[in-house]
Amino acid sequence: MKPVQGAPLGIIMLETRFPRIPGDIGNGLTWPFPVLYRVVPGATPERVVLQGARGLLPDFIAAAQELVALGAEAITTSCGFLCIFQKEIAAAIGVPVATSSLIQVPWVEALLPAGRRVGVITVSPVSLTPAHLAASGMAPDTPVAGIAQDGELYRVLVRQDKAELDAAAAERDILEAGRALVAAHPEIGAIVLECTNMPPYAAALQAALGLPVHDVVSLGSYLFAGLRPRRYG
C-alpha cells in the first residue's frame, strides 16, 4: 500500500522562483485531478534549459523514485527540455514516464492530413538540440519558433529577473511566436508547446491560429486517462 492514494500522476519540478498561475504545470488548480509534486534542488531553468541539465540525471531519477514510492503511477516533469532523459528515467523507475510535451509531436503529426506538420513553440530554440529532437522522436526539420528573449515570458521563466508575471504580456509573446511560426511554415497543422509554463495561453493561441494546440496539460491528462479510465453505466 502506498502512503498517498488517489493522486496517480507525479510531477518532477525544477527549482524556480517565478509565479505559477492556473494553467501552469506547477499550480495544483491546473489539474482536474490530484497530483504529486517533487522539486529537484539545484535544477534551475538556467541549468536545465541553457546548460543541457548536465550532471542532473541522478537527481531526476531520485525524484521520480520518491514520487513512485509515495504513490505516483506515472511521471511527468516541469520542463520540456527534460526529454533528453526520457529513456533513462523510464528505465529506472518501472512506471510510465512522459518527460516532455515534445513526445506528443510524432503522435499529433500522425493525425494530420498529408503534407501537414506539427510546429513547436519553445522558450529557447538554440537549446533544442538534435539530441532533444531525437529523444522526443521528432524529425530533425521540425518547424520551431522561440519566444522573444527580451519579452515577458523569457525574462520571468529563464532569466528569472522579475518577481511578477504580466500574463497579458506573456500571452502576447506566445501569440507573436505562433504567428511567426505559421507565417514561416504554412504547412503547419497543429502546435505543440514545449514549455510547461505556456498552457495558460494555449486557448488564446488556438483561437488566434485556428489550429489544435497541445501542451503538457494535454499530455498529463492523457496519462491520467490511461491510469483511471472512465467507467460507463
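Residues numbered from 1 in each chain as written. Predicted model: local features only at pLDDT ≥ 70, side-chain atom pairs only at ≥ 80, totals over all residues. Heavy atoms only, no water.

Another aspect to go through is the environment of Ala 91. Residue position: Ala 91 is located in helix H3 (residues 86-93). Residue classification places Ala 91 among the exposed positions, given a relative accessible area of 70%. (Helix = DSSP H or I, 4+ residues; strand = E, 2+ residues; numbered from the N terminus. Buried < 20%, exposed > 50% of the residue type's maximum accessible area, 1.4 Å probe, protein only.)

Our focus in this paragraph is the sheet that holds strand E7 (residues 188-193). Consider a sheet: its strands pair through backbone hydrogen bonds, and that pairing is either parallel or antiparallel. In space, the four strands of this open sheet follow the order E6-E5-E7-E8, with parallel pairing throughout. In this open sheet, the two strands that pair with only one neighbour each are strand E6 (144-146) and strand E8 (213-214). Of the pairings in the sheet, the one linking E7 to E8 comprises two bridges and is parallel in character. Residue Ile 191 lies in a different strand from E8, and its bridge partner there is Val 213. Its contacts with the sheet put helix H7 (residues 167-184) on strand E5 (117-122), E6 and E7, and the angle it makes with E5 is roughly 145 degrees. (Pairing = 2+ DSSP bridges. Contact = heavy atoms within 4.5 Å. Axes fitted to C-alpha atoms, helices over the stretch in contact; angles between N-to-C directions.)

Moving on to the sheet that holds strand E4 (residues 97-98). Reading across from one edge, E2-E1-E3-E4 is the order of the four strands in this open sheet, with parallel pairing throughout. In this open sheet, the two edge strands, each paired with only one partner strand, are strand E2 (35-39) and E4. Taken together, the five bridges between strand E1 (residues 9-13) and E2 define a ladder with parallel strand orientation. Of the residues in E2, the one forming a bridge with Ile 12 is Arg 38. Lying over the sheet, helix H2 (residues 57-70) contacts E1, E2 and strand E3 (74-77), oriented at roughly 145 degrees with respect to E2.

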